[in-house]
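Observations on chain architecture
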Amino acid sequence: MLNNVILMGRLVADPEIRTTSTNKSVANFRIAVDRGYSKDKQADFITIVAWENTADFINKYFHKGDMIALRGEIQTRSYED
């Protein structure tokens, strides 16, 4: 896990918000982060999870295509199909 990572990218779609059984807001969304400034543009698509007041703020003020800067932790997960 990497702490205090700063990312800047554009939302790929509008955030999806839900409420947990304990009444906490959770927003899920993906951002596209450019990989540098070469001729061939490439991007990484990163899934973001925001909680409580942050989730409500993002859901209210950010939409598909908006630029956003985030600070937080990166966690990787794996799965088998």
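Throughout what follows, the structure given in this document is the object of discussion. (Residues numbered from 1 in each chain as written. Predicted model: local features only at pLDDT ≥ 70, side-chain atom pairs only at ≥ 80, totals over all residues. Heavy atoms only, no water.)

A tally of helices and strands in the protein chain yields one helix and five strands. The secondary structure elements of the protein chain, listed N-terminal to C-terminal, are β-β-β-β-α-β. Considering only C-alpha atoms, the protein chain reaches an extent of 45 × 35 × 30 Å along its principal axes. Here the protein chain holds 81 residues, and 23% of them are scored as buried. At a minimum sequence separation of 6, the contacts of the protein chain that also span at least 24 residues come to 54%. For the protein chain, the exposed surface amounts to about 6800 Å²; the carbon and sulfur share of it is 47%. (Helix = DSSP H or I, 4+ residues; strand = E, 2+ residues; numbered from the N terminus. Buried < 20%, exposed > 50% of the residue type's maximum accessible area, 1.4 Å probe, protein only. Contact = heavy atoms within 4.5 Å. Areas by Shrake-Rupley, 256 points an atom, 1.4 Å probe, with all protein chains shown as cover.)

The next subject is the pattern of salt bridges. Per the counting criterion, the structure on display carries one salt bridge. Two residues, Arg35 and Asp44, come together in a salt bridge whose shortest N-O distance is 2.7 Å. Under the relative-accessibility criterion, Arg35 is labelled exposed at 51%. Looking at Asp44, the relative accessible area reads 30%, which means it is partly exposed. (Salt bridge = Lys/Arg side-chain N within 4 Å of Asp/Glu carboxyl O.)

What follows is about the packing of aromatic side chains. Taken as a whole and judged by the stated rule, the model has two aromatic pairs. With a centroid separation of 4.9 Å and 45 degrees between ring planes, the pair formed by Phe57 and Tyr61 is classed as tilted. Of this pair, Phe57 and Tyr61 are both found in helix α1 (residues 52–61), four residues apart, which corresponds to roughly one turn of the helix. You can call Phe57 partly exposed: its relative accessible area is 47%. (Phe/Tyr/Trp six-rings, centres within 6.5 Å; stacked < 30°, edge-to-face > 60°.)

As a further point, take the nonpolar core. Phe29, Ile31 and Ile68 are the most contacted members of the largest nonpolar core, which totals 14 residues. Of all the secondary structure elements, the ones that give two or more residues to this core are β1 (2–11), β3 (25–34), β4 (43–51), α1 and β5 (67–74). Among residues more than four places away in sequence, those in contact with Ile31 are Leu7, Gly9, Arg10, Leu11, Val12, Asp44, Phe45, Ile46, Ile48, Ile68 and Leu70. (Core = buried A, V, L, I, M, F, W, Y, C linked by side-chain atoms within 4.5 Å.)

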